[in-house]
Amino acid sequence: MRLFTAVLPPAAAVAELSARVGALRRLPGAEGLRWTERAGWHFTLAFYGEVDEGLLPELHERLARAAQRHPAHEIRLAGGGRFSDKVVWAGVDGDRASLGHLADSAEAGARRAGLRMDQRHRPYHPHLTLARCRGGADLRPYAAGLEDFEGSAWTVAELSLVRSHPPTPGVAGAQPRYEVVAAWPLGQ
């Protein structure tokens, strides 16, 4: 199974961001980007890749412990930017430090459960991917269109283990499908 841990924004936060993304999708050249679907919007904490089902019980135990150690905290979708001219993303404001600590624990728990992780630990940069580009497009107008975005605050209360189902091959515009396979409340 292709797995990752994530924080899933509530429907109200997704709706607020969706209104802004609608305006971005009307900008010149937007049709050339691959826009992610609202159902796939999430903050990835740690990406695990292909995980053997035999490791799931230990992974579940480790992630449950990680969730217990971290309190619920408040954030909001805010701002945005781009990674080079490849990705347009929405950002986060509020208790980013707690979100980063949760990401570190999700990664450490997976290592302790026996998952082989990328050995390069990178500082956590919370973002929600909105669109991808194969190159050649100027993504600055899309990033600028997110600079002043500020959604309503919401409480991160759960750590989710998510399975990624790849898009259907050969189907134009097909998107990955995400399925929550387990979730643990924070601080409990």
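Keep in mind it's a predicted model, so treat the numbers as computed, not measured.

Student: How would you sum up the pairing of strand β1 (residues 2–7)? Please name residues and give values.
Tutor: With five of six residues buried, β1 lies mostly within the body of the structure. Where β1 meets strand β3 (residues 43–50), six bridges bridge the pair, whose relative direction is antiparallel. What sits directly across from F4, in β3, is F47.

Student: Quick one: what's the story with the sheet that holds β3, residue by residue and with numbers?
Tutor: On the basis of which strands lie adjacent, the open sheet formed by four strands has the order β3-β1-β8-β9 and antiparallel pairing. Each edge of the sheet is formed by a strand with only one pairing partner; in this case those strands are β3 and β9 (177–185). Strand-to-strand twist of the sheet, defined as the mean angle between neighbouring strand axes without regard to direction, takes the value 25°. With eight bridges joining them, strand β8 (residues 158–165) and β9 adopt antiparallel strand pairing. What sits directly across from R163, in β9, is E179. Those strands touched by helix α2 (residues 56–69) are β1, β3, β8 and β9, and its axis lies near 55° from that of β9.

Conventions and cut-offs
- Residues numbered from 1 in each chain as written.
- Predicted model: local features only at pLDDT ≥ 70, side-chain atom pairs only at ≥ 80, totals over all residues.
- Heavy atoms only, no water.
- Buried < 20%, exposed > 50% of the residue type's maximum accessible area, 1.4 Å probe, protein only.
- Helix = DSSP H or I, 4+ residues; strand = E, 2+ residues; numbered from the N terminus.
- Pairing = 2+ DSSP bridges.
- Axes fitted to C-alpha atoms, helices over the stretch in contact; angles between N-to-C directions.
- Contact = heavy atoms within 4.5 Å.

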